Amino acid sequence: MEKLPILLKKEGYKKIKFKVSKTQHLLIKASVNGIKGNFILDTGASTSCVGFESIELFKLSAGKSKTKASGAGATGMLTQLAKDNLLQINKWKHTSFHLVIFDLSHVNDALIQHKAKPVQGIIGADILIDGKAIIDYYNHCFYLKKI
């Protein structure tokens, strides 16, 4: 296991640390369009998303979407779509990143009830798949390969 970071670096992977919240969520810092935010790293989320309240923060150009979002505790939520954004997680970048925008209040309400900090969004499987992610739960980090 000690050689894994060396091997992954040679293969073009970037190491990214995460924290484990009081609610056992994996928390990371990421930038969208150059603006930093707090995100949950969620292997169960099919797409990455931010809350409606973060549209201005991240300078998103939100457009219509026919997709209805659902997640733990909520279904059939209206969404918007923001295309062609810059996502940066540590030194890893995705230059034409699409984000789903929907009401994250149920997520943040749950976090706040457990005295955890709210988040601006969720990094989902779309990024983990694109980045050929390798998650090292024991060492609280994950690796993404350059796109």
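Scoring rules and cut-offs
Residues numbered from 1 in each chain as written. Predicted model: local features only at pLDDT ≥ 70, side-chain atom pairs only at ≥ 80, totals over all residues. Heavy atoms only, no water. Patch = residues over 30% accessible without salt bridge, like charges linked within 9 Å, V, L, I, M, F, W, Y side chains within 5 Å. Areas by Shrake-Rupley, 256 points an atom, 1.4 Å probe, with all protein chains shown as cover. Salt bridge = Lys/Arg side-chain N within 4 Å of Asp/Glu carboxyl O. Lys, Arg positive; Asp, Glu negative; His and termini not counted. Charge placed at Lys NZ, Arg CZ, Asp CG, Glu CD. Helix = DSSP H or I, 4+ residues; strand = E, 2+ residues; numbered from the N terminus. Phe/Tyr/Trp six-rings, centres within 6.5 Å; stacked < 30°, edge-to-face > 60°. Buried < 20%, exposed > 50% of the residue type's maximum accessible area, 1.4 Å probe, protein only. Pairing = 2+ DSSP bridges. Axes fitted to C-alpha atoms, helices over the stretch in contact; angles between N-to-C directions.

Visitor: How do you make sense of a positive patch on the surface when you look at a structure like this?
Guide: On the surface, Lys-19, Lys-29, Lys-36 and Lys-117 cluster together into a positively charged patch. Residue position: Lys-19 is located in strand S2 (residues 19–20).

Visitor: Mind showing me how you'd approach the packing of aromatic side chains here?
Guide: Each aromatic ring pair is characterised by the separation of its centres together with the angle its planes make. Inspection of every chain in the model, using the stated rule, returns 2 aromatic pairs. With a centroid separation of 6.5 Å and an interplanar angle of 65°, the aromatic rings of Phe-18 and Tyr-137 are classed as edge-to-face. A residue pair is termed long-range when its members are at least 10 positions apart, and Phe-18 in the loop between strand S1 (13–17) and S2 and Tyr-137 in the loop between strand S10 (134–136) and strand S11 (141–145) qualify at 119 residues. Among the residues examined, Phe-18 registers a relative accessible area of 5% and is labelled buried.

Visitor: Can you walk me through the sheet that holds S10 in this structure?
Guide: Paired through their backbone hydrogen bonds, the strands of a sheet run either parallel or antiparallel. In spatial order, the strands read S1-S11-S10; together these 3 strands make up an open sheet with antiparallel pairing. Edge strands, defined here as strands with exactly one partner in the open sheet, are S1 and S10. Going from strand to strand, the sheet's axes swing by 20° on average, the running direction of each strand aside. Pairing geometry for S10 and S11, over 3 bridges, is antiparallel. Residue pairing for S11: Asp-136 is matched across the bridge by Cys-141.

Take it as geometry only, folks, not as evidence of what the structure does.
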